[in-house]
Amino acid sequence: MTINQKFLYHFCGAGITTGIWFNRQINGTGSVLGINDALNGGNKIQSGTSDGNKTGADTNNFRQFDAQNAVCVTEFKRNSANGIARAGFTATGSDVAARAQFVEDASKTFKQLLSHDGSNGSTIDSNVAIDLAYHQYKMTLGSASIAWSIDKVLQTAKTTNLPTGKMMPQYHAEALSGLGEIEMLHYEAFNI
Amino acid sequence: MSSILEKLHPDVASIGKSHFFDDMSAKKIRDWWSVVQKAGSGSSGALDGIDNGIFLTTGPTVNAEVAMDFGDKRPFNKNGCKFISKLRFDNPTIATAFTGFTEQVSTAPAGSAGNDYVGLRMRTSDTFWNTAVRSGGASAVITDTAVFRNTSPFDLEITLGASSSETRINRGISTVNAGALPTVNLQAFLWIITSNASAKTVEMMQCEAFNT
């Protein structure tokens, strides 16, 4: 049996375990609010209020996942009326990196999957409307497509602008006509 | 390779619920826990031995107490959650070790495990493990199990439902309590308090808690 790299983190308890997640100010201002004292409370990260402000967390360029042979399963929600919440894989802490992310964008109609090959990016819509509730998102990165699902319902695969190389777990909040806020409940990644 | 998260949350109804797991291995108590020396002296950390876990130790004074919880972050549903743990207590006849779900223990006054809790404990003067449930600051409801206290490791399980709580020790049903449920949402905890002037240690080897 082959054992591949696996990562699982439940955002639960008094705080985030040091040495695993690296809080990153991707652009502009923002803040890490920490674990939410609430039923099913997760880790809250908030961007500043100016458009394009982005605040997130990743594994600080320790990239153990294969952009064309890995899975991400995560549960998160957008908490803010405006703004964007994203989670998935990225190659660097930059907001123009090769990446694959679930997108919960207050300005859109449906939840989306974004992929970026390092030069160009694009999104594909799901058939699930945007909202402020937790959902379970899953993506399977392949060499020809990204298969993905929301709450265990398969969505149309994405075949363009696929990332390559090594990836790290990442999530962030982004301002859009007001601050963005993400609340992370679970994050899992593994190579196939 | 398959997803652990998908197995933990196998259907849509289980999505979006908190799940906590600590294997209590490695060199320290993880930052998931807030450890507080509530009275007297004491220490905490990880133990170096086969099948050992983390420990809380009191100092050698009467009513010395140490507790750990989620620092008053309460993700667990008072009407639907489960706690699973393995625990060992080095001297259950002259001190109290208590674990399960609470509203507040590390920040509660000395000698208190909070106004709302449901837990399993080994306590001075009791013959058996017992279940203690407190609801909204009312007097705790104490129910003896039929499991004798000793210094062996015990597997513990607590299930909170909408109208009752159930505890199991070493996988056998120990108590079922109707009514007197906690009135607020909860956090996991471990607490030790002395009743004479000698140091005591409680050890926890794993802890899992989740909403159902």
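Along each chain, the written sequence defines residue order, and numbers are assigned to residues from 1. Ligands are numbered from 1 and chains lettered from A, in the order in which they are written. Only residues with pLDDT of at least 70 get local features here, since the model is predicted, and only at 80 or more are side-chain atom pairs given and counted; chain-wide, interface and lining totals rely on the full set of residues. Hydrogens are left out, water is left out, and the side-chain values use all remaining heavy atoms of the structure.

Peer 1: I would appreciate a short explanation of the pairing of strand β10 (residues 110-116) of chain A in the present structure.
Peer 2: Along any regular strand the residues' side chains alternate between the sheet's two faces. All names here are of chain A. Of all seven residues in β10, six are buried; the element is thus mostly enclosed. Strands are treated as partners if at least two bridges between them are detected by DSSP. Only DSSP runs of H or I with at least four residues qualify as helices, and only runs of E with at least two residues qualify as strands; both kinds are numbered from the N terminus onward. The pairing of strand β9 (residues 99-105) with β10 spans five bridges and is classified as antiparallel. By the bridge assignment, alanine 100 is partnered in β10 with serine 115. Counted between consecutive antiparallel strands, the loop separating β9 from β10 contains four residues. Pairing analysis gives six bridges linking β10 to strand β11 (residues 121-129), with the strands arranged antiparallel. Looking at β11, one finds that leucine 113 is bridged to isoleucine 124. Residue exposure (1.4 Å probe, protein chains only): buried if accessible area is under 20% of the type maximum, exposed if over 50%, otherwise partly exposed.

Peer 1: I tried to follow the sheet that holds strand β8 (residues 117-122) of chain B on my own but got confused; where do I start?
Peer 2: Paired through backbone hydrogen bonds, the strands of a sheet run either parallel or antiparallel to each other. Residues and elements named next belong to chain B. As summarised here, the arrangement of the seven strands in space is β2-β5-β14-β7-β8-β9-β10, forming an open sheet in which the pairing is antiparallel. Of all the strands in the sheet, the pair left with one neighbour each is β2 (34-39) and β10 (141-148). Recorded for the sheet is a direction-independent mean angle of 20° between the axes of neighbouring strands. As paired elements, strand β9 (residues 128-134) and β10 share five bridges and run antiparallel to each other. In the strand pairing of β10, phenylalanine 128 is matched with phenylalanine 148. Simply put, an axis is a line fit to the C-alpha atoms, just over the touching stretch for a helix, and the angle between two N-to-C directions goes from 0 to 180 degrees.

Peer 1: Can you walk me through the pattern of salt bridges in this structure?
Peer 2: Oppositely charged side chains are able to pair whenever their charged atoms sit close together. Counted as salt bridges are all cases of a side-chain nitrogen of Lys or Arg within 4 Å of a carboxyl oxygen of Asp or Glu. Tallying each qualifying case throughout the model produces 20 salt bridges over all chains. For B:Asp72, the salt bridge identified is with B:Arg74, shortest N-O distance 3.7 Å. Comparing B:Asp72 with B:Arg74, the two get one shared label, buried. The shortest N-O distance in the salt bridge between B:Asp155 and B:Lys86 comes to 2.9 Å. Residue B:Asp155 is found in strand β11 (residues 154-160), and its partner B:Lys86 is found in strand β6 (residues 81-89); the two are separated by 69 residues along the sequence. Relative accessible area serves as the criterion here: at 24%, B:Lys86 is assigned to the partly exposed category. Linked by salt bridges that have partners in common, A:Arg78, A:Glu104, A:Lys111 and A:Asp131 make up one network.

Peer 1: I would appreciate a short explanation of the confidence of the model for chain B in the present structure.
Peer 2: In low-pLDDT regions, the fine details of the predicted coordinates are not to be read closely. One number per residue, pLDDT, summarises how confident the predictor is, and it ranges from 0 to 100. In this model, chain B carries an average pLDDT of 94, and 100% of its residues clear a pLDDT of 70 or more. Across the whole predicted complex the pTM is 0.95, and at the interface the ipTM reaches 0.93.

Peer 1: I tried to follow the interface of chain A and chain B on my own but got confused; where do I start?
Peer 2: Accessible area lost upon the coming together of the parts is a frequently used measure of interface size. Counting residues at the interface gives 35 residues for chain A, matched by 35 residues for chain B. When two components associate, each loses some accessible surface as probed by a 1.4 Å sphere; the sum of these losses over both components is called the buried area. For the pair chain A and chain B, the summed buried area comes to about 2700 Å², and 58% of that belongs to carbon and sulfur atoms. For chain A, the biggest contributors to the area lost against chain B are A:Cys12, A:Ala14 and A:Leu39; these three give 20% of the whole. For the interface between chain A and chain B, the tally reads two salt bridges. For B:Arg74, the salt bridge identified is with A:Asp37, shortest N-O distance 3.2 Å. Between N or O atoms, a polar contact is any pair within 3.5 Å; within protein, one atom must be a potential hydrogen donor and the other a potential acceptor, and residues adjacent in sequence are included only when both atoms are from side chains. Counting every contact that joins chain A to chain B gives 19 residue pairs in polar contact (both at pLDDT 80 or more). Put simply, the parts of the chain that give the side of chain A that touches chain B at least two residues each are β1 (6-10), β7 (70-78), β12 (135-141) and β16 (181-191) of chain A. For the side of chain A that touches chain B, the element with the highest residue contribution is β16(A), accounting for five residues. Note on contacts: a residue pair is in contact if any heavy atoms of the two residues lie within 4.5 Å.

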